[in-house]
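Understanding the architecture of this molecule
Chain by chain, the residues:
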Amino acid sequence: TVVVLDFGSQYTQLILRRVRELGFYCELLPYDEPWENVEKLSPVAFILSGGPSSVYDENAPKIPQYVFDSNLPVLGICYGLQAIVHQLGGKVEKSTHREFGPATLNVIKHVGIFQNLPNSFTVWMSHSDRVEVLPENFEVIARSENSPYAAVRSIDDRFYGVQFHPEVAHTQFGKQILENFLKKVAKLNPNWKISNLAEQIIEDLRRKIDGRVILGLSGGVDSSVVAMLLHKAVPDKFIPIFVDTGLLRKNECIEVVKQFEEIGIHIHYVDASEKFLEVLDGVEDPEEKRKRIGHTFIDVFYEEAMKLKEKYGDIKYLAQGTLYPDIIESKVAERKAGAKIKTHHNVGGLPEKLPFEIIEPLRYLFKDEVRMLGQEIGLPSSILKRHPFPGPGLAVRIIGSVTREAVKTLQEADFIFIEELKKWDLYDKVWQAFAVLLPIKSVGVMGDYRTYENVIALRAVTSEDGMTADWAKLPHDFLNHVAKRIVNEVKGVNRVVYDITSKPPATIEWE
Ligand code: XMP
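Keep in mind that what you see is a predicted model, and the values were worked out from it rather than measured. (Residues numbered from 1 in each chain as written. Predicted model: local features only at pLDDT ≥ 70, side-chain atom pairs only at ≥ 80, totals over all residues.)

Comments concerning the packing of helix α7 (residues 221–233) against helix α13 (residues 367–376)
- The N-to-C vectors of α7 and α13 enclose an angle of 40 degrees; their axes lie 10 Å apart at closest approach. Comparing their axes, α13 and α7 come out oblique. Crossing angle aside, the handedness with which α7 passes α13 is left-handed. Contact with α7, carried on its side by V221, D222, S224, V225 and M228, involves V370, R371, L373 and G374 of α13 and no other residues of that element.
- Within the contact of α7 with α13, the residues separate by chemical class into five nonpolar, two polar and two charged. (Axes fitted to C-alpha atoms, helices over the stretch in contact; angles between N-to-C directions. Helix = DSSP H or I, 4+ residues; strand = E, 2+ residues; numbered from the N terminus. Parallel < 35°, antiparallel > 145°, perpendicular 65-115°, else oblique. Left-handed = near helix turned anticlockwise from the far one by under 90°. Contact = placed C-beta atoms within 7 Å. Nonpolar A, V, L, I, M, F, W, Y, C, P; charged D, E, K, R; others polar.)

As structure tokens, this is what we get:
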């Protein structure tokens, strides 16, 4: 395992992604992780991330002694570089001005991480302190205008340090620099592949699970992949529970149940739609809707789990589709709060209340890796390519209070939109698309009659990760066709509008 020690940079996750993309397994640990835990991972190289501190801060994070004692290759990035220099007896100084953004890097020595790279290229800088004096037996191998020691190494070729960020896309040849470090300096062979991983996870599950295991299956990518893994590992011990909130897309629950049935996975289906409608009655505030849906979900799931426990007796585990970013985020939050709070639960606090051991087979994976894994273990692409869907479902797409009639209207409009996107081969080109039911009526005319009916807004966005998004430039012919169909076929709707705001400043959902 390549061990990345985190000193708090906003780019740390990117280091991991790059290293894994290059085919090396790596894990992220806090900079002060004790050696016992690091040792368990069989470390083969260390990468020290950047971070917001200055080595002269009172509580400046220090590189643990085991990094120096280990004899393993070390790459320090930004603060990582400064900490190496500082702790090995060199000198870091406060610079008078921050260097932020692109800078031209001039390579002086094409050794180690700079093998087969041009003499000069653009790198991404983000720092204020800079190295002024190198430790003994170190040499400079690249400069930039503002950083006389933009890249350094120890003469024995074990320590490398860069002031810039090779992990960000703005750094030219950044990936190659990391690859050079791993292959040429650390002399490692890339051997991390999703296919090996699938087998390994399934084997681990098989070995570990010695009682029944339940899972809240939503039909989304993460829980579906977990379901498939468990089905392969322990088919006789696995019970997926599908809670129908009544707030799903039209026909979705039937389809999910059917799709999994075809794979050989029998879903324990719970219809709780009445209950959800009841608790949402008259509630308009979006956060209140989310809260009530979250609580109700937990209650329903809990009740169901208890029934199953009574029936089978030996339910021991609860599986969850928690991903690596959630784990990292909750670790950061834990640290900040100085307490053990868990923030990564998909459905607010589900595990605490349940007397089961938690199993999180995806806890070391990123979203795109989960998709690849899903493909590898044979999940149909209709599941893997399904657009994201919010936990609170259609409740946050019905602006104002949720009624059975509103759900029905929205489901019909949404269904037409999605069906046409698929027909026009546009579904896979957008990140997410859906209809929203607005709480206003507008005047229209149909035949000889004046109408006064609902408005549907259509939303479609392109995005990498949902954090930012652009509205999708769908063809006018297509929008025209969808609008006509919705007004003609969905009772109570006489107007369709298209949302042309991006995120930010808008969000993807309307509530
Ligand atoms: P926003 O609307 O914040 O959405 O731009 C970003 C992504 O998150 C989804 N989303 C949710 N998912 N529970 C969820 O599980 C929620 O309460 C929730 N709100 C938004 C949204 O669909 C989009 O993919």
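Still to come is the rest of the account.
Concerning the site of the ligand
- Taken together, the neighbourhood of the ligand is formed by R290, P388, P390, G391, P392, Q432, G466, K503, T507, I508 and E509.
- Class assignment of the residues belonging to the shell around the ligand gives a composition of four nonpolar, four polar and three charged. (Near = placed C-beta within 6 Å.)

Some remarks on the UniProt feature "active site" (unreviewed entry) in the chain
- Taking the numbering used here, the UniProt-annotated feature "active site" (unreviewed entry) corresponds to C78, H165 and E167. The greatest C-alpha distance among the annotated residues, which extend across 90 residues, is 11.1 Å, indicating that they converge on a single site.
- Relative to the assigned elements, H165 resides in the loop between β11 (159–162) and α5 (174–185).
- Leaving out residues up to four positions away in the same chain, H165 has contacts with Y11, G50, I77, C78, W124, S126 and T171.
- As for its position among the elements, E167 is in the loop between β11 and α5. (UniProt positions renumbered as here; feature names shortened; annotations may be inferred.)

Examining the pairing of strand β18 (residues 449–462)
- The sheet contact formed by strand β17 (residues 432–446) and β18 spans 12 bridges and is antiparallel. Bridge pairing links V443 to Y452 in β18.
- Where β17 folds back on β18, the antiparallel hairpin that results is connected by two residues, among which G447 adopts a positive phi of roughly 60 degrees.
- Looking at chain direction, β18 and strand β19 (residues 470–471) are connected through two bridges and run antiparallel. Looking at β19, one finds that T462 is bridged to D470. (Pairing = 2+ DSSP bridges.)

Topic: the sheet that holds strand β14 (residues 268–271)
- Strands sit in the order β14-β13-β12-β15-β16 across an open sheet of five strands; the sheet is parallel. The strands lining the two open edges of the sheet, one partner per strand, are β14 and β16 (357–359). Here the average twist between neighbouring strands, direction ignored, is 30 degrees.
- Of the pairings in the sheet, the one linking strand β12 (residues 212–216) to strand β13 (residues 238–244) comprises four bridges and is parallel in character. Bridged to V213 within β13 is F238.

As for the environment of L379
- With respect to the helices and strands, L379 occurs in the loop between α13 and α14 (381–384).
- Each C-alpha atom, one on L379 and one on K62, is 45 Å from the other, the two residues being 317 residues apart in sequence.
- Contacts of L379, omitting those with residues within four sequence positions, involve S224, V225, M228, G374 and L384.

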